[in-house]
Each structure stands twice: as C-alpha cells, then as structure tokens.
Amino acid sequence: MPDEPLIRARGLVKRFGDFTAVDGIDVDVHKGEAFGFLGPNGAGKSSTMRMIGCVSTPTGGTLRILDLDPTRDGPAIRARLGVCPQQDSLDPELTVRQNLTTYARYFGVSRRTARARAAELLEFVQLGERATSKVEPLSGGMKRRLTIARALVNEPEIVLLDEPTTGLDPQARHLVWERLFRLKQQGVTLVLTTHYMDEAEQLCDRLVVMDDGKIVAEGSPRALIEEHSSREVVELRFPDEALDAVAGKLDCLGERVEVLPDRILLYADDGDAAAAEVHRRGLVPAGVLVRRSTLEDVFLHLTGRTLVD
Amino acid sequence: MAHPTLAVLEFNLEGYRRTWRGSVLSSFVLPILFVIGFGLSVGSFVDAGGRLGGVSYLDYIVPGMIASTAMQVAFGESSWPVMSKFLWIRTYHAMVAAPLRIADIVGGDLLFILLRVVSASAVFVAITAIFGALHSAWAITVPLVAGLLGLATAAPIFAYAARLEVDGYFPLLQRFVVIPMSLFAGVFFPVESLPVGLRPLAYVSPLWHAVEVCRSATFGTGDIYPIVGHLGYLALWVVGGFWLARLSFRRRLIG
C-alpha cells in the first residue's frame, strides 16, 4: 500500500522484569483496515494493545502511531484513539447517557456536543431506550455495546478492541460484530484482539497470529488457511478402536494426519476423495465429516493444542 | 476548552449529584450533635473545673472539631472510593485511555475532595456561629484551612490506596492513625497535657497544625509566624502527597 501506515511497529519489545511479553514484533496497520491480533492467553496480545493505546511504554524497538511517538505524544495520540477494554470500566452508578457525556468531556468535547453525540451513539449501539437507566442492571452485551459507544465519543480514527465479544451470548456477539462492521464501512480503522476464530474470520481483513510474544503467521484469513492448512479436513470417528493403530493405516492420505483422543483429523485438499480412500483401505469409521479448513485449524496447528492458563 | 483536570472534577460532581442530599444533611446534623454532645454537656463539667481559664469548653473545641471533621471527610473520600476506582469500577483505567495525564486524574479527584471539605466546614462554621462559639471575623478563613488539611490528608492516602490489592487496610489506618490523631492532636485538650514523650506524635500530625490555625482564627489571637509555619507544614504534606500519589497512580496504570 502506498500510504503511510497508521500504526507501525518494528522490533517492538515489552518486558516485565525477566518476563518477555512481546518479543520483537513488526506490524503495519493501514487506514480503513480491520486488523486482528490472534493468539492464546499470554501470547502478548494485550501487552501489544496497551502499547498501541499509549498506556504502556515499549521496552525496545520502535512504535509510531498516527505518525507520532507514543512515549512523547501520548495524550495527543490518545485523543484520536477509541479504546474498548477487555474488562468493563463503566461507572455502574451513573446512567447510560452520563457514562458517555462525562467521558466525552475528557476529550474536551463541549457539553452540548457531548449530549448530541451520546444520543447518536446510543442509537447506533441500540441502547437509545436505556439512556436514563443506570448501568448496573444492564446485561453483559448491553454493557459491551455501551463501552463501544464510549470508545466512539471522540470520533476516533482508530478503535482498539480487546476481546470485544468475550463472555457474550451468541445474539449479543452477532450484534456487536454487525456494529463493528458498520464502523469499518464508515472508514474507521479497527484493531482487535480475539481468541475466537469465527470472530477473526468475520471481522478481520488481515491478522497476525501471536504465540509466546512472537508473530508466527500473518495474512488475510483466507491466505492463512491456504498457507497453513489443507483445503478440507476429514474428521473420522471409530468405535472402540485404538486410534493410533488406525492412524497407521492412513499413511500418505492427505497432507497430514492428526490423532485426537476422540477422532482422527485428515487434512486433504479433496476431502471426499480422501474419505473414499479410507473405506477402500478396509476401515469402517462410525462417523465421517468432510468440512472446509477454518482459521481454527490454522490456529491450533500454529500454536499447539496444549492448554495455556 | 475546559482544562482536563476540570473534566475529572465534573465526573465526580456528576456522581455526587446522586448522594449530595445525604451528605449535606450530615454536614448540618454533625455540628449540631457535636455542639450539644461535647460543647454543652461535657463542656459544663470542664467549665466548672475552670482549667481553661476564661474560655468556654465549647468555644475551645469548635475549631478543633471542624479540623478533625475535615480530616475524616477527606479520609472517607480518599480511601475506599479511590481503591474501588482501581479495583472494581476501573474508573482510572478508563480515564488513562483518554487524553488525560496522571496529574489531571489525581488533581481532579483532589479538587472534588477540596470542595466537599470546604463546603462541609463552611456549614460547621455557620452553625457554630449561631451558637456563639466564634469570636473573630477571621473564623471565615477556617473552611480554607480545613480545605488545606483535607488535601494534606487525602493526597498521601491516594498514594496509599493506589498500592492496595485488597481492602482491609483502611480500618487499620483508621484505628491506628485517624482516630488517635483526632483524640490527641489538640482537638479536645491542649497537647501540653500529654506526657512529654507523646507530644512529638501530635506535633508531626497535620491535624494539630490545622487545629492551631483554626483556633487562632476563631479566637482572633495568635502570631503571624507560627501560623505561617503551620500552613507551610500542611502545604508540604499536600505537595509531598500529590507527588507520591502521582507516582503510585502511574505505577498502577501505566506499565
């Protein structure tokens, strides 16, 4: 892309004592893009987001945001960012509207403009009818939408969203996705972290997969799938059989075979052909499912299946 | 454009709009109870003893009580509320994501406490004036001295509250610092009545210095230099406390 990226990191490092949370990452985020940081817990996503939000000082490398230096021009950058944090930080005793108007004042927005903008944003996140209710009784989805609205009171150029739909029910998640998509259409640059693959596929034009503080893959969701997984996956279930023994008979079928406790995954470009070959080799699976590869396959392949706590 | 510190003050006032009735009521009721409880009833015994010379006990304790109330309002507003804005409501985390500086956040919250303390003390002054406990027009400066004491109390507690991970320490602070200070820092009896070894504890406490200045004001007595000294000492607590609070807030919010 010819234009200067809004966010540019080179060799960005964040250390806390001996622990390296972010280990030399390069990132470019361009105007109008929806950019995602994916990774398991502790991969360094939130530390990266905090540095971009200018509330954490990089330990090493360079970071430019909106062509400014975050260590020197923090307030000037933050004036043009919107931040939707992972944990709610709304005031439970103020009303829905007051949460927006008081926050707008931190950006030097006049009272009058703050009220007008609050009304507009509450319509946008479908909370118009709750304007005068307190925040405390709102559902998790409503609070998250209100937090997103609050992140927009200064008409930001970049919106940072740290796990925007974690903990929400499916209806609430879809509503949040739809609103974020609308924002993107309006030309707002979105930067988000998530560990939901469907969220990344829905929202992100481009993403990086982080593991252990490093970037292990980068690209559009489609390109990542093409690069790191087969086109299709065959899921095979066998009744009461040692799956390892079965897997031995699947040699050279597809690109890769993965044995899980309850099933075998066969990564192949033509899933139906691979499934037919399984039967031809005399194996009788109790269940066969041929599906397309997803980002989740890529993610688990790159970051492993081991649980990270 | 309003200064960002004022935007933080505005946030506090917006929240106070819900609870102001209760707090205004108590700032009227408290002085009346004090006047009746300590001034008139205990005072009749003390005055009968004649230990204070020609000064009535009520008149003696009123300036001290105003200062001690100021300290307690400041303690109340800077302890649990500040900790909850870090731990539970996460107000400060939201603020620091906006273009506010740490000094704006600490400053805005302290301004709110200043307003609370000054207004509560002004009510106290007005009510005790009605009871005839004030003897000089200088009494009008008492709310400002109380405000200075409020900041001298709140700023270091801000620094302390910003470092806590669990509540449970404030009751200790209250039992071992705030209450002993209100008992022994010259509010109810002259510090000179304390054993010599204990007096320095009263002299280092900000409360004693504020009590001395308030008492000079309500009686219209006292020399200028001691008063300047007392005010300077309180100002040191404010400046030092503010500096520490900024440090603690920064450590907690920006990592």
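Residues numbered from 1 in each chain as written. Chains lettered and ligands numbered in written order. Predicted model: local features only at pLDDT ≥ 70, side-chain atom pairs only at ≥ 80, totals over all residues. Heavy atoms only, no water.

*Asks:* What is the right way to look at the packing of aromatic side chains in this model?
*Replies:* Geometrically, a pair of aromatic rings is defined through the distance of the ring centres and the angle of the planes. One pass over the structure, following the stated rule, counts 18 aromatic pairs over all chains. Aromatic pair F35 of chain A and F37 of chain A: ring centres 5.3 Å apart, planes at 75°, arrangement edge-to-face. With centroids separated by 4.7 Å and ring planes inclined at 50°, the aromatic side chains of F86 of chain B and Y92 of chain B adopt a geometry described as tilted. Pair check on accessibility: F86 of chain B and Y92 of chain B agree, each one buried. One aromatic cluster is present, built from ring pairs that chain together F34, F38, F124 and F188 of chain B. Its guanidinium or amino end placed over the ring of Y103 of chain A, R150 of chain A lies 4.6 Å from that ring's centre, counting from NZ or CZ. (Phe/Tyr/Trp six-rings, centres within 6.5 Å; stacked < 30°, edge-to-face > 60°. Buried < 20%, exposed > 50% of the residue type's maximum accessible area, 1.4 Å probe, protein only. Lys NZ or Arg CZ within 6 Å of the ring centre and 35° of its normal.)

*Asks:* Mind showing me how you'd approach unusual backbone geometry here?
*Replies:* Where the residue is not glycine, phi is negative for most of them; where a peptide bond is considered, it is trans in most cases. Residue and element names in this part refer to chain A. The phi dihedral of C54 is positive, around 60°, even though this residue is not glycine. Structurally, the position occupied by C54 is in the loop between α1 (45-52) and β4 (60-65). Its relative accessible area of 8% is what places C54 among the buried residues. Located in the positive-phi region is Q126, a residue other than glycine, with phi close to 60°. For Q126, the position within the fold is in the loop between α4 (111-124) and α5 (140-151). Judged by relative accessible area, Q126 falls into the partly exposed class, the value being 43%. (Helix = DSSP H or I, 4+ residues; strand = E, 2+ residues; numbered from the N terminus.)

*Asks:* It is not clear to me how the sheet that holds strand β1 (residues 7-16) of chain A should be interpreted in this structure. Could you clarify?
*Replies:* Two pairing modes exist for strands in a sheet, parallel and antiparallel, and in both the strands are linked by backbone hydrogen bonds. All names here are of chain A. Strand order across the open sheet formed by three strands is β2-β1-β4, with antiparallel pairing between neighbours. Where the open sheet ends on each side, the last strands, each with one partner, are β2 (19-29) and β4. If you compare each strand with its neighbour and ignore which way they point, the axes differ by 25° on average. As paired elements, β1 and β2 share eight bridges and run antiparallel to each other. Within the sheet, the bridge partner assigned to K14 lies in β2 and is V22. (Pairing = 2+ DSSP bridges. Axes fitted to C-alpha atoms, helices over the stretch in contact; angles between N-to-C directions.)

*Asks:* So what exactly am I meant to see when it comes to empty space enclosed by the protein here?
*Replies:* Summary: where empty space remains is shown by rolling a probe the size of a single water molecule over the atoms. Going through the model one piece at a time under the given rule, you end up with two cavities of 30 Å³ or more. Counted as a void, the largest cavity has a volume near 80 Å³. Elements supplying a minimum of two residues to the lining of the largest cavity: α3 (96-105) of chain A together with α4 (91-97) of chain B. Its residues assigned to classes, the lining of the largest cavity comprises six nonpolar, four polar and two charged. In this structure, the second largest cavity spans a volume of roughly 50 Å³. If you list the elements that add at least two residues to the lining of the second largest cavity, you get β5 (81-84) and α5 of chain A. Per element, the largest residue contribution to the lining of the second largest cavity is three residues, and it comes from β5 of chain A. (1 Å grid on protein atoms, 1.4 Å probe; cavity = no way out; pocket = protein on both sides within 12 Å on 5 of 7 lines; lining within 4 Å. Points joined across faces, edges and corners; volume = space filled by probe spheres on them. Nonpolar A, V, L, I, M, F, W, Y, C, P; charged D, E, K, R; others polar.)

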